Amino acid sequence: NLATDFASGAWSSTGGRTDPGSYLLKNDDTSATAIGKSWQYINYSFSVNNVVDLVRATIYCSFRLTASDDFLIRPELRLIRPDGSLSVIWVGTTYTGTAAFDSGWINVTIDATSNFTLIGTYQLSAVTYSETGYSGLTLSTTLIQNYIDDCGIELVYLAKSPTWSNQQQSTSIPAVGA
């Protein structure tokens, strides 16, 4: 029995990693006989105007995964490139269990430099896949709450070397006059 209308997501003013706010994704089947399966994500768009001088691209994000009982949860980070292609940057551990669960904050930092070969708009996608009733137990309900916080990307570019120009002096005294 597959549940419908059980997944939701919204900004939450509580539950943040280092400050109060975070994005909260819920999977709540509210039925002892239902199995709620959901892919939930939040996309962050950003533009890249130069890939030639790109030295390093670091993606970071934090996940906190919680469940009340019978569950399966897996976090992922994906990058949607300007040409529409998708790169899976990181796949976290798949967690399963039949009791209350709290992963604590999972802080991810990934070198994604090789994924930046095009100029244009990219999207960083923070994803959770979750299932309620995973083991087949007939529990009253399962509530999965996954928090996503502090996601971003750091692009580091080659520093331009200083350029020097030769200026003709109008006096015979060095560094005076122009």
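Cut-off values and rules
Residues numbered from 1 in each chain as written. Predicted model: local features only at pLDDT ≥ 70, side-chain atom pairs only at ≥ 80, totals over all residues. Heavy atoms only, no water. Helix = DSSP H or I, 4+ residues; strand = E, 2+ residues; numbered from the N terminus. Buried < 20%, exposed > 50% of the residue type's maximum accessible area, 1.4 Å probe, protein only. Contact = heavy atoms within 4.5 Å. Patch = residues over 30% accessible without salt bridge, like charges linked within 9 Å, V, L, I, M, F, W, Y side chains within 5 Å. Areas by Shrake-Rupley, 256 points an atom, 1.4 Å probe, with all protein chains shown as cover. Salt bridge = Lys/Arg side-chain N within 4 Å of Asp/Glu carboxyl O. Disulfide = S-S within 2.5 Å. Core = buried A, V, L, I, M, F, W, Y, C linked by side-chain atoms within 4.5 Å. pLDDT = per-residue confidence, 0-100.

(A) Looking closely at the overall build of the protein chain. The helix and strand tally for the protein chain stands at zero helices and 10 strands. Moving toward the C terminus, one meets the helices and strands of the protein chain in the order β-β-β-β-β-β-β-β-β-β. Here the protein chain, with 178 residues, has 39% of them falling under the buried criterion. In the protein chain, 76% of the contacts between residues at least 6 apart in sequence involve partners at least 24 apart.

(B) Local environment of a nonpolar patch on the surface. A cluster of nonpolar side chains, contributed by Leu 86, Val 88 and Val 91, occupies part of the molecular surface with about 260 Å² of accessible area. Mapping Val 88 onto the fold places it in strand S6 (residues 86-91). A residue is classified by how much of its surface remains accessible, and Val 88, at 48% relative accessible area, is partly exposed.

(C) How the structure looks around the state of the cysteines. Within this structure, the stated rule accounts for one disulfide. Disulfide pairing is shown between Cys 61 and Cys 151; the S-S distance is 1.9 Å. Highlighted residues: Cys 61 in strand S4 (residues 54-67) and Cys 151 in strand S10 (residues 143-157), separated in sequence by 90 residues.

(D) Spotlight on the pattern of salt bridges. Across all of its chains, the model carries three salt bridges by this definition. The salt bridge involving Arg 64 is made with Asp 102; its shortest N-O contact spans 2.5 Å. In this pair, Arg 64 sits in strand S4 while Asp 102 sits in strand S8 (residues 101-111), placing the two residues 38 residues apart along the sequence. Its relative accessible area of 23% is what places Arg 64 among the partly exposed residues. The residue Arg 74 makes a salt bridge to Glu 76 at a minimum N-O spacing of 3.2 Å. Neither Arg 74 nor Glu 76 differs from the other in exposure class; each is buried.

(E) Focus on the nonpolar core. By size, the foremost hydrophobic cluster in this structure holds 29 residues, and its most contacted members are Phe 63, Leu 77, Phe 116, Ala 126 and Ile 148. Contributions of two or more residues to this core are made by strand S3 (37-48), S4, strand S5 (71-80), S6, S8, strand S9 (120-132) and S10. Of the residues forming this core, the biggest block, seven residues, is contributed by S4.

(F) Region of interest: the confidence of the model for the protein chain. Residues with a pLDDT of 70 or more make up 81% of the protein chain, whose mean pLDDT is 84. In the model of the protein chain, strand S1 (residues 7-12) stands out as the element of lowest mean pLDDT, 71, in contrast to S6, which has the highest, 97.

(G) Structural context of unusual backbone geometry. Even without being a glycine, Asp 150 presents a positive backbone phi close to 55 degrees. Residue placement: Asp 150 occurs in strand S10.

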